Amino acid sequence: MARGITDPTFNDYSLPISPSPEYSSQPNPAYDSKQIRDLQLLEISHDSRSRADYSFPEGGTRAWLVVFGSFCIIAGTWGLVSSAGLFMTYWKEHQLSEYSTGDIGWISAVNIFLTLLLGVQVGPLFDRYGPRWLLLSGSVIYVASLLAMAECTRYWHFMIAYGIFSGASNAFLVTTALAVIAHWFERKRGAASGITFVGSSAGGVVFPLALRAIFEKLSWQWSMRCVALMVAILMSIGNLLVKGRLPPKTSGGSINLKCFRDARFSWATIGVGCFEFVLFGAFGLLPTYAVSQGFSQQTSFNIIAIINAGSAFGRSFSGWFSDRYGRFNTMILTLNFSLISMFLIWLPFGNHVVALYIFAPLFGFGSGSIISMAPVCIGQLCQVDEYGQYYGTSYSMVAFFTLLCIPVGGELLPKIGEQGFVAFFGSILILSLLAFLIARWVCLEYKWNWSAKI
């Protein structure tokens, strides 16, 4: 279970549940001192030692190499997913010009939906078998799906290659890359997860800028082959560096609905779902929004890259800040920051290109902090060896939010206008803030305390 750094000015509520006796590290009084010494000399096997009994390196060369490997996996997966809006704009102008933005949005929505939904299966598989084969199989299918995209010309081609196969393979890669951090870090897990999530920002900056140059000089086929090569390099680094550490857990199913008996988990999942609805809706439709406002295609590429650059700082900040002041506290703070940027800049001044360039890094900072904190907040509610299952169960529900965000937003944009579009997504973000406030309140046993470290 996640623990925060002790701070004399804060009450630490990071351990709301006392460990059961089977996890206790205290000697059994039934043994005398000689028997205890003899037992300590024995080599402890995976079968004789609970995962909860293991200590965590909290750093060192091997641990940080794992973080870098996960960073590369996230850069090649979420980094490219955050550029999905650019793909949609290209398809709208070329291969899929006869389809509406809402129809094209289903392709990206299915990709994100499967990435999150299949985490419900991948999480327990990771708990049982570790990261090696999950990463290898996911990498092969992912690169193959990108190469297949180069040959796509029809709607159903893109749906199968990008929507289904790319989304399914991302589920293996993303869930494994995030879950393995819990093998190496506990006290510093927020910081380590924040660094890992910076990979999404790095990829989100590199891919849009690379795509802008590639699309201008090469055909669609060769553009996608270049993207597939970049992704293959990142996946290779990840496969070489990411290693598991804890013994396998053989109990537990692929989904555990009992998680929702915990009100903290339920409200946190609702909060994550509402935020992911806004995030992926924004990434998927901001290029279309920019074009509808009369801005150039170059502006749409730049805005996505700037948002991702801002999110890199947000992810780094949230990891450092959350380890000191609490994960839920950090989530609530950055949700407020994102809401301010939406309602004070994007909503009233979105038709001015300068205002959009000001809004992009601010929203990127807030959203980067939030998305890196979401799995850490979920992990704080369970034992370390249950993290894969909790993460998968939560994000299987979140997946249904992301399935609707781009198609719904794509249909609303031309009907309610640009300001109505922003107001709609802003109202969903308010619901996310309310859900996390309630989750924090439940963590405090329904007693509010502003200074509590949650």
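The preceding data block contains the structure.
So, here is what we can say about the structure in this document. Because the structure is predicted, anything quoted here is derived from the model rather than measured. Position labels on residues start from 1 in each chain and follow its written sequence. Per-residue local features are limited, in this predicted model, to residues with pLDDT of at least 70; the limit for side-chain atom pairs, both in listing and counting, is 80 or more; totals at the level of whole chains, interfaces and linings are taken over all residues. The side-chain numbers reported here are obtained from all heavy atoms of the structure, hydrogens and water having been left aside.

**Looking at the overall build of the protein chain**
Here is step 1 of the chain: On a plain count of helices and strands, the protein chain comes out with 14 helices and two strands.
Here is step 2 of the chain: At a minimum sequence separation of 6, the contacts of the protein chain that also span at least 24 residues come to 85%. The helix and strand labels rest on DSSP assignments: H or I over at least four residues marks a helix, E over at least two residues marks a strand, and numbering proceeds from the N terminus. The criterion used for residue contact is that any of the two residues' heavy atoms lie within 4.5 Å.

**A short note on the state of the cysteines**
Here is step 1 of the chain: In this description, a disulfide is simply a cysteine sulfur pair whose atoms lie within 2.5 Å. With the rule as written, the count across this model stands at zero disulfides.
Here is step 2 of the chain: For cysteine 443, which is in no disulfide, the shortest distance to another cysteine sulfur is to cysteine 377 and amounts to 8.7 Å.

**Concerning the packing of aromatic side chains**
Here is step 1 of the chain: Two rings from Phe, Tyr or Trp (for Trp, the six-membered ring) form a pair when their centres are within 6.5 Å of each other. A pair whose planes differ by under 30 degrees is stacked, one over 60 is edge-to-face, and the rest are tilted. Per the stated rule, a full pass over the model turns up 33 aromatic pairs.
Here is step 2 of the chain: Relative to tryptophan 220, the ring of phenylalanine 158 has its centre 6.0 Å away and its plane inclined at 70°; by these criteria the two rings are edge-to-face. With phenylalanine 158 in helix H7 (residues 155-179) and tryptophan 220 in helix H9 (residues 220-241), this residue pair connects regions lying 62 residues apart in the sequence.
Here is step 3 of the chain: When accessible area is computed with a 1.4 Å probe and restricted to protein chains, residues below 20% of their type maximum are described as buried, those above 50% as exposed, and intermediate ones as partly exposed. What makes phenylalanine 158 buried here is its relative accessible area of 0%.
Here is step 4 of the chain: Among the residues examined, tryptophan 220 registers a relative accessible area of 5% and is labelled buried.
Here is step 5 of the chain: A centroid spacing of 4.7 Å and a plane angle of 45° characterise the contact between phenylalanine 321 and tyrosine 325, whose relative ring orientation is tilted.

**Considering the packing of helix H2 (residues 61-81) against H9**
When two helices pack together, their arrangement is given by the angle between the helix axes and the distance between those axes.
Here is step 1 of the chain: Running from amino to carboxyl end, H2 crosses H9 at an angle of 155°, the nearest separation of the two axes being 8 Å. On the basis of their axis angle, the class for H2 and H9 is roughly antiparallel. Where H2 crosses over H9, the handedness of that crossing is left-handed. Residues Arg62, Leu65, Val66, Phe68, Gly69, Cys72, Ile73, Ala75, Gly76, Thr77 and Leu80 of H2 form the contact with H9, whose own contacting residues are Val227, Val231, Leu234, Met235, Ile237, Gly238 and Leu241.
Here is step 2 of the chain: Per-class residue counts for the contact of H2 with H9 are 13 nonpolar, four polar and one charged. Axis definition: a line fit to C-alpha positions, over the contact stretch in the case of helices; interaxial angles, taken between N-to-C directions, run 0 to 180 degrees. Each angle receives one of four descriptions, namely roughly parallel if under 35 degrees, roughly antiparallel if over 145, roughly perpendicular if within 65 to 115, and oblique otherwise. Each helix crossing is assigned a hand: it is left-handed if the near helix lies turned anticlockwise from the far helix by less than a right angle, otherwise right-handed if that turn is clockwise. Side-chain classes follow a simple rule in which Ala, Val, Leu, Ile, Met, Phe, Trp, Tyr, Cys and Pro form the nonpolar group, Asp, Glu, Lys and Arg form the charged group, and the remainder, Gly included, forms the polar group.

**Overview of the environment of leucine 403**
Here is step 1 of the chain: Note that leucine 403 resides in helix H14 (residues 387-443).
Here is step 2 of the chain: When its relative accessible area of 17% is taken as the criterion, leucine 403 is described as buried.
Here is step 3 of the chain: Once residues within four sequence positions are removed from consideration, leucine 403 is found in contact with Trp106, Ala109, Val110 and Phe113.

**A word on the pattern of salt bridges**
Here is step 1 of the chain: Here, a salt bridge means any side-chain nitrogen of Lys or Arg that lies within 4 Å of a carboxyl oxygen of Asp or Glu. Tallied over the full model, the rule gives two salt bridges.
Here is step 2 of the chain: A salt bridge links arginine 225 to glutamate 151; the nearest nitrogen and oxygen atoms lie 2.8 Å apart. Placement of arginine 225 in helix H9 and of glutamate 151 in the loop between helix H6 (132-149) and H7 is noted, with a sequence separation of 74 residues between them.
Here is step 3 of the chain: Taking the relative accessible area as the measure of exposure, arginine 225 reaches 28% and is therefore partly exposed.
Here is step 4 of the chain: Glutamate 151 sits in the partly exposed class, given a relative accessible area of 47%.
Here is step 5 of the chain: When the shortest N-O distance is used, the salt bridge between arginine 264 and aspartate 262 registers 2.5 Å.
Here is step 6 of the chain: The class of arginine 264 is buried, set by a relative accessible area of 6%.
Here is step 7 of the chain: Classification of aspartate 262 by relative accessible area gives buried; the value is 18%.

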